[in-house]
There are 2 protein chains.
Amino acid sequence: MSLLTIGTVAFDDIETPFGKAGRIIGGAATYISWSASYFTNDIKLVSVIGDDFPDSELQKLKDRGVNMEGLQIKEGEKSFFWAGRYHTDMNGRDTLDTQLNVLADFDPVLPESCKNVDYVMLGNLTPQVQMRVIDQLESRPKLIALDTMNFWMDVALDDLLAVIKKIDVLIINDEEARQLSGEYSLVVAAEKIIEMGPKILVIKKGEHGALLFHGENIFFAPALPLRTVFDPTGAGDTFAGGFMGYIAKTGDTSFEGMKKAIIAGSAMASFCVEKFGIQRLTEINGNTITKRIGKFEQLVRFDTVL
Amino acid sequence: MSLLTIGTVAFDDIETPFGKAGRIIGGAATYISWSASYFTNDIKLVSVIGDDFPDSELQKLKDRGVNMEGLQIKEGEKSFFWAGRYHTDMNGRDTLDTQLNVLADFDPVLPESCKNVDYVMLGNLTPQVQMRVIDQLESRPKLIALDTMNFWMDVALDDLLAVIKKIDVLIINDEEARQLSGEYSLVVAAEKIIEMGPKILVIKKGEHGALLFHGENIFFAPALPLRTVFDPTGAGDTFAGGFMGYIAKTGDTSFEGMKKAIIAGSAMASFCVEKFGIQRLTEINGNTITKRIGKFEQLVRFDTVL
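Attention in this report is confined to the structure presented alongside it. (Residues numbered from 1 in each chain as written. Chains lettered and ligands numbered in written order. Predicted model: local features only at pLDDT ≥ 70, side-chain atom pairs only at ≥ 80, totals over all residues.)

What follows concerns the overall build of chain A. Of regular secondary structure, chain A possesses ten helices and 13 strands. Relative to the 2.2 N^0.38 estimate, which gives 19 Å for 306 residues, the radius of gyration of chain A is 18 Å and therefore close to what a compact globule would have. With respect to the three principal axes, the spread of C-alpha positions in chain A is 65 × 45 × 35 Å. Put simply, chain A has 306 residues, and 49% of those count as buried. For chain A, long-range pairs separated by at least 24 residues make up 69% of all intrachain contacts whose partners lie at least 6 apart in sequence. (Helix = DSSP H or I, 4+ residues; strand = E, 2+ residues; numbered from the N terminus. Rg over C-alpha atoms; globule rule 2.2 N^0.38 Å. Buried ≥ 20, exposed ≤ 12 C-beta atoms within 10 Å, placed from the backbone. Contact = placed C-beta atoms within 7 Å.)

Quick look at the structure:
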């Protein structure tokens, strides 16, 4: 089934304790599309780039079945650029530079092929832009998921709350869940956030796994304990892409179905952090993914205790 | 099967964002014994107290099957006392007062009934005191587990390394594992620590669950997402008590058996934090524990993904 995604397609400069990578391909929609493409080949990408973006990179995504009709290319302008440096423990990072460029006045225009889709993944962007996408949909998708960040809670909370009302699944990290709800306990935070609109909440906890709140039900997904986290950039987007890609593949939005989607997303994120940027995501295949998902199953399986 | 435990039996003053509790019953051996007593009724406690400790509290433990022959009562002296205040997020705490009292010159003397046991849980104490217990054992137990803390890594590292060589299972938290190994990645930290002696390593991550490293195998146990963590004091000891109590019950030290022991320990810890001190541990029963363990099973179970 079809999956529409919106988010940045961009360049990143990344510095981690393991090294530096300059002007590599990044952006939320890039990670989401790469990750989802291992589960569904009917992906539609909506974004904006300048004329500085390499055709070869776009072609790689097209080769994975990504429809680019919704990708605007602005002649004479530059693509979005972000530079960041991770701390030694990889849990914190400093933004060294942000150049909005084409993103400054991005108005997403959905081509006809994108107006009737089964699933939507709204990557992290201005809430108004996320809303603009929802407004252009001609039929209600089966599921709309949204990612956001603290920054929008600080500067555009009303817009964020408005768009959150329209979606089904909110995907944020623990710090963001606490800020949005004003609650420290993630259980209480989840209750408050679900009252804001989304029926389902996914809280990403990085190396500590992820929590799925689905009605009264809670699922706790592990993160794979890794020898090395080489570059965490895009791990959250890769998780979201795997999650929504898996749902687009199975069409199962029940609690049981979403648990499996969380594991699929976690497995994809565990690949993402193994190399700089999207590199590792371009190297894997169905076999490596199957094996990795098997590792997750081994990691948490236990027999009946009593 | 029999379980010998050593650790403090003490008074605590505790301050959390939810309130204060003065001069309540605490100490590692107290929590370990209460927790383990729900799985085995052949527990032997070795510790030291002053003459200020209420008989009624000792009687409650005796009623749960705890053999107190190894508990020294020092006339005219005071029991160990600790006072601490938890931060708002419950993840950090400040020690406000520590009065060693009887602990200052504690020399554990094992009565005959304690010299031949199946399992040993060495609660957090000076490594020399932990070693003194091992030295007095007449036969090698099936399994010796040890808990310790950063403080001993700072002030008695050589003694700690010596006792760690003699044990089978080391139970520490993530921060302690990182300090002991000098490695940030818990996977690499586990490899280094296992080279120090213990075949098995349990890393407690508080609200993020626990990891079991058993040879080449890794198991990730969740923590139960709770609405409120009322008082985290003793949660780690309660976890260790449930873990070793379960093993003493089943006699199963295989990887599969230890996974289940980790879940049992996690379930017990999830009770501990619901009220001040040991209060909640004195109220539960087999039924409430069975239900709680069922919650853990629900929390992580998922069908085959691919």
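This next bit is on the sheet that holds strand E4 (residues 43-50) of chain A. Sheets are built from strands that pair by backbone hydrogen bonding, the pairs being arranged parallel or antiparallel. Residues and elements named next belong to chain A. Strand order in the open sheet made by the nine strands is E5-E4-E1-E8-E9-E10-E11-E12-E13, with mixed pairing throughout. Where the open sheet ends on each side, the last strands, each with one partner, are strand E5 (66-74) and strand E13 (217-221). Strand-to-strand, the axes of this sheet are offset by a mean angle of 15 degrees, without reference to chain direction. Along the sheet, helix H6 (residues 174-181) makes contact with strand E10 (169-173) and strand E11 (200-204), crossing E10 at roughly 110 degrees. Along the sheet, helix H8 (residues 235-250) contacts strand E1 (3-6), strand E8 (119-122), strand E9 (143-147), E10 and E11; its crossing angle with E8, the most-contacted strand, is approximately 175 degrees. (Pairing = 2+ DSSP bridges. Axes fitted to C-alpha atoms, helices over the stretch in contact; angles between N-to-C directions.)

Residue and element names in this part refer to chain B. The contact between helix H8 (residues 235-250) and helix H9 (residues 255-272) brings their axes to 7 Å, and the two run at 140 degrees. One element, H8, and the other, H9, form an angle in the oblique class. Like other packed secondary-structure pairs, H8 and H9 cross with a definite hand, here right-handed. In this structure, H8 contributes Ala235, Thr238, Phe239, Ala240, Gly241, Gly242, Phe243, Tyr246, Ile247 and Thr250 to the contact, and H9 contributes Gly257, Lys260, Ala261, Ile262, Ala264, Gly265, Ser266, Ala267, Met268, Ala269 and Cys272. Residue composition of the contact of H8 with H9, grouped by class: 13 nonpolar, seven polar and one charged. (Parallel < 35°, antiparallel > 145°, perpendicular 65-115°, else oblique. Left-handed = near helix turned anticlockwise from the far one by under 90°. Nonpolar A, V, L, I, M, F, W, Y, C, P; charged D, E, K, R; others polar.)

What follows covers the packing of helix H3 (residues 127-136) of chain A against helix H5 (residues 157-164) of chain A. Residues and elements named next belong to chain A. The N-to-C vectors of H3 and H5 enclose an angle of 30 degrees; their axes lie 8 Å apart at closest approach. What the angle tells us is that H3 and H5 run roughly parallel. H3 and H5 meet at a crossing whose hand is left-handed. On H5, the residues touching Pro127, Gln128, Gln130, Met131 and Ile134 of H3 are Asp159, Leu160, Ala162 and Val163.

All names here are of chain A. Positive phi values are uncommon outside glycine, yet Arg23 reaches one of about 50 degrees. Mapped onto the secondary structure, Arg23 falls in strand E3 (residues 19-26). On the basis of neighbour count, Arg23 is assigned to the exposed category, with 12 C-beta atoms found within 10 Å. At Asn101, a position not held by glycine, the phi torsion is positive, near 50 degrees. Assignment of secondary structure puts Asn101 in the loop between strand E7 (93-99) and E8. For Asn101, a count of 19 C-beta atoms within 10 Å puts it in the partly exposed group.

Before going further, it helps to spend a moment on the interface of chain A and chain B. Listed as interface residues are 30 residues of chain A and, on the opposing side, 30 residues of chain B. The biggest single contributor to the side of chain A that touches chain B is helix H9 (residues 255-272) of chain A, with five residues. Among the residues forming the side of chain A that touches chain B, the class breakdown is 19 nonpolar, four polar and seven charged.

Now for the sheet that holds strand E7 (residues 93-99) of chain B. Residue and element names in this part refer to chain B. Pairing in this open sheet of four strands is mixed, and the strands run E3-E2-E6-E7 from one edge to the other. Every interior strand has two partners, whereas the edge strands, strand E3 (19-26) and E7, have only one. Taking each pair of neighbouring strands and ignoring which way they run, the sheet shows an average axis angle of 15 degrees.

This part takes up the relation of the copies chain A and chain B. Note that the two copies of the chain are related through a rotation about an axis and a translation along the same axis. Least-squares fitting of chain A to chain B yields an RMSD of 0.0 Å, with the superposition described by an axial translation of 0.0 Å and a rotation of 180 degrees. On the angle and the small slide along the axis, the relation comes out as a two-fold axis. Looking at the rotation axis and the C-alpha trace of chain A, the residue lying nearest is A:His208, at 2.9 Å. Mapped onto chain B, 100% of the interface residues of chain A are again interface residues, and the two copies thus contact each other with one and the same surface. (Least-squares fit on C-alpha atoms with pLDDT ≥ 70 in both.)

For the rest of this paragraph, the subject is the nonpolar core. Within the largest apolar cluster, 191 residues are counted, with the highest numbers of intra-cluster contacts made by A:Ala145 and B:Ala145. In contact with B:Ala145, not counting residues within four places along its chain, are B:Val120, B:Met121, B:Leu122, B:Ile167, B:Asp168, B:Val169, B:Ile171, B:Ala240 and B:Met244. (Core = buried A, V, L, I, M, F, W, Y, C linked by C-beta atoms within 7 Å.)

Residue and element names in this part refer to chain B. For strand E11 (residues 200-204), the tally of buried residues reaches five of five residues, placing the bulk of the element in the interior. By the bridge criterion, five bridges tie E11 to strand E12 (residues 210-214) in an arrangement that is antiparallel. Pairing of Val202 across the sheet is with Leu212, part of E12. The loop that links E11 with its antiparallel partner E12 comprises five residues; one of these, Gly206, has a positive phi angle of about 60 degrees.

Right, let's talk about helix H1 (residues 28-36) of chain B for a bit. Most of H1(B) is tucked away, with nine of its nine residues classed as buried. Inspection of H1(B) places B:Ala28, B:Ala29, B:Thr30, B:Tyr31, B:Ile32, B:Ser33, B:Trp34, B:Ser35 and B:Ala36 among the buried residues, and these make up the whole buried set.

On to the environment of B:Gln179, then. Residues and elements named next belong to chain B. Relative to the elements of secondary structure, Gln179 occurs in helix H6 (residues 174-181). In this structure, the C-alpha to C-alpha distance between Gln179 and Arg301, residues 122 residues apart in sequence, is 33 Å. When near neighbours in sequence (up to four residues on either side) are disregarded, Gln179 contacts Asn150 and Met153.

We now examine the environment of B:Gln128. Residue and element names in this part refer to chain B. Along the chain, Gln128 falls in helix H3 (residues 127-136). Look at Gln128 and you get partly exposed, because 14 C-beta atoms sit within 10 Å. For the pair Gln128 and Leu180, spaced 52 residues apart in sequence, the C-alpha to C-alpha distance is 17 Å.

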